[in-house]
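These are the residues of each chain, in order.
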Amino acid sequence: DVFDLEAFRGGSNVYFAASDLSQWANANAAGTALPAAAMAAGSGRTVIGGQQSALTGLNWYCNASATQCYYTGDLNAFFSLVYWDRERNTSVVFVSNSSLPVWRRAYVARDLIAALTEATPEGRPDAAATPDLIRPKPGSFARLAGTYAIENGDSVTVRLGPRGLRFRLGAALDYDVFAVSPSAFYVPGLDLVFGFTGSPQPTTIYLQSIFLVAVARRTTR
């Protein structure tokens, strides 16, 4: 069992404080967390099935230039964020044992980054108002499927797979989707939360991550 403090090292068995994470984040911002060769080898995005994933080889979510990177994690009501900006040599760390609503997590992270580094991550820093999302039942997931267009020219494709919903942003990889609240879905591999509005067939998707806050309108049924 991962909570018995056995010798296994990995998820659930690395214990740290915010100050520990801060030292690690600062080292990544300065480019000294690993030997230069390892940093260079891990800076490219992982390729899966011929498609680039959203994560680098070192498991960071990064902007296009790989100068702003972050990772989040949560387990048993503990949530943590590490963000670093190599151009500004700054970092932001957030650790919480509260049940922060999933829809507000990205907004809290974006606000911290903007306040402490005087820089907003790439994307649209929209207000933190929670849209009035519908609460689809599992038996109605087929109605959610379709293609949705974002104002920046990207598209979102939602389809019903054998194990549930699948999600694609642009022409990238398909990802499994997991319901994390009655109205919100989470996409591991993109660290993105989304939800729908419109009835009986949803017409709009609201999406948000640290790097993306957007609205997508349905273009196909």
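Scroll up for the structure.
Participant: In this structure, what is going on with the nonpolar core? I would like to understand it.
Facilitator: One recurring pattern in soluble globular proteins is that nonpolar side chains are buried together. V156, F167, F194, I205 and L207 are the most contacted members of the largest nonpolar core, which has 33 residues in total. In terms of residues, this core owes the most to one element, strand 13 (residues 192-197), which gives 3 residues. In this view, F194 contacts W103, F167, V177, S183, A184, F185, V187, I205, Y206 and L207; residues no more than four positions away in its chain are not counted. If you look at the next biggest cluster of nonpolar residues, it comprises 8 residues, including L21, A29, C69 and V82.

Participant: Sorry if this is basic, but what is going on with the state of the cysteines here?
Facilitator: In a disulfide, the sulfur atoms of two cysteines are held together by a covalent bond. Applying the stated rule across the entire model yields 1 disulfide. Here C62 connects covalently by a disulfide to C69, the sulfurs 2.1 Å from one another. Of note, the bridge from C62 to C69 carries an S-S torsion of about 110° and is right-handed in sense. Looking at C62, the relative accessible area reads 9%, which means it is buried.

Participant: Explain the sheet that holds strand 14 (residues 204-208) to me, please; I cannot follow it from the model alone.
Facilitator: Sheet strands associate in pairs through backbone hydrogen bonding, adopting either a parallel or an antiparallel arrangement. Overall, antiparallel pairing links the 9 strands, which are arranged 10-9-8-7-15-14-13-12-11 in an open sheet. Edge strands, defined here as strands with exactly one partner in the open sheet, are strand 10 (174-176) and strand 11 (178-179). Here strand 7 (residues 146-150) pairs with strand 8 (residues 155-161) via 4 bridges, running antiparallel. Within strand 8, the position partnered with T147 by the bridge is T157.

Participant: How do you make sense of unusual backbone geometry when you look at a structure like this?
Facilitator: Along the chain, S199 connects to P200 via a cis peptide bond; the corresponding omega equals 5°. Checked against the element boundaries, P200 lands in the loop between strand 13 and strand 14. Phi at N59 takes a positive value of approximately 70°, unusual for a residue other than glycine. Residue position: N59 is located in the loop between strand 2 (51-56) and strand 3 (61-62).

Participant: I keep staring at the environment of V93 and nothing clicks. Help me out?
Facilitator: Within the fold, V93 resides in strand 6 (residues 90-96). A sequence separation of 11 residues divides V93 from V82, and the C-alpha atoms of the two residues are 4.7 Å apart. Discounting chain neighbours no more than four positions away, the residues touching V93 are A18, L21, S22, A25, L81 and V82.

Participant: Which parts of the structure should I look at to understand the side chain of S96?
Facilitator: Take S96: it is sitting in strand 6. You can call S96 buried: its relative accessible area is 10%. Setting aside its immediate chain neighbours within four residues, S96 contacts A77, F78 and F79.

Scoring rules and cut-offs
Residues numbered from 1 in each chain as written. Predicted model: local features only at pLDDT ≥ 70, side-chain atom pairs only at ≥ 80, totals over all residues. Heavy atoms only, no water. Core = buried A, V, L, I, M, F, W, Y, C linked by side-chain atoms within 4.5 Å. Buried < 20%, exposed > 50% of the residue type's maximum accessible area, 1.4 Å probe, protein only. Helix = DSSP H or I, 4+ residues; strand = E, 2+ residues; numbered from the N terminus. Contact = heavy atoms within 4.5 Å. Disulfide = S-S within 2.5 Å. Pairing = 2+ DSSP bridges.

By themselves these figures say nothing about function.
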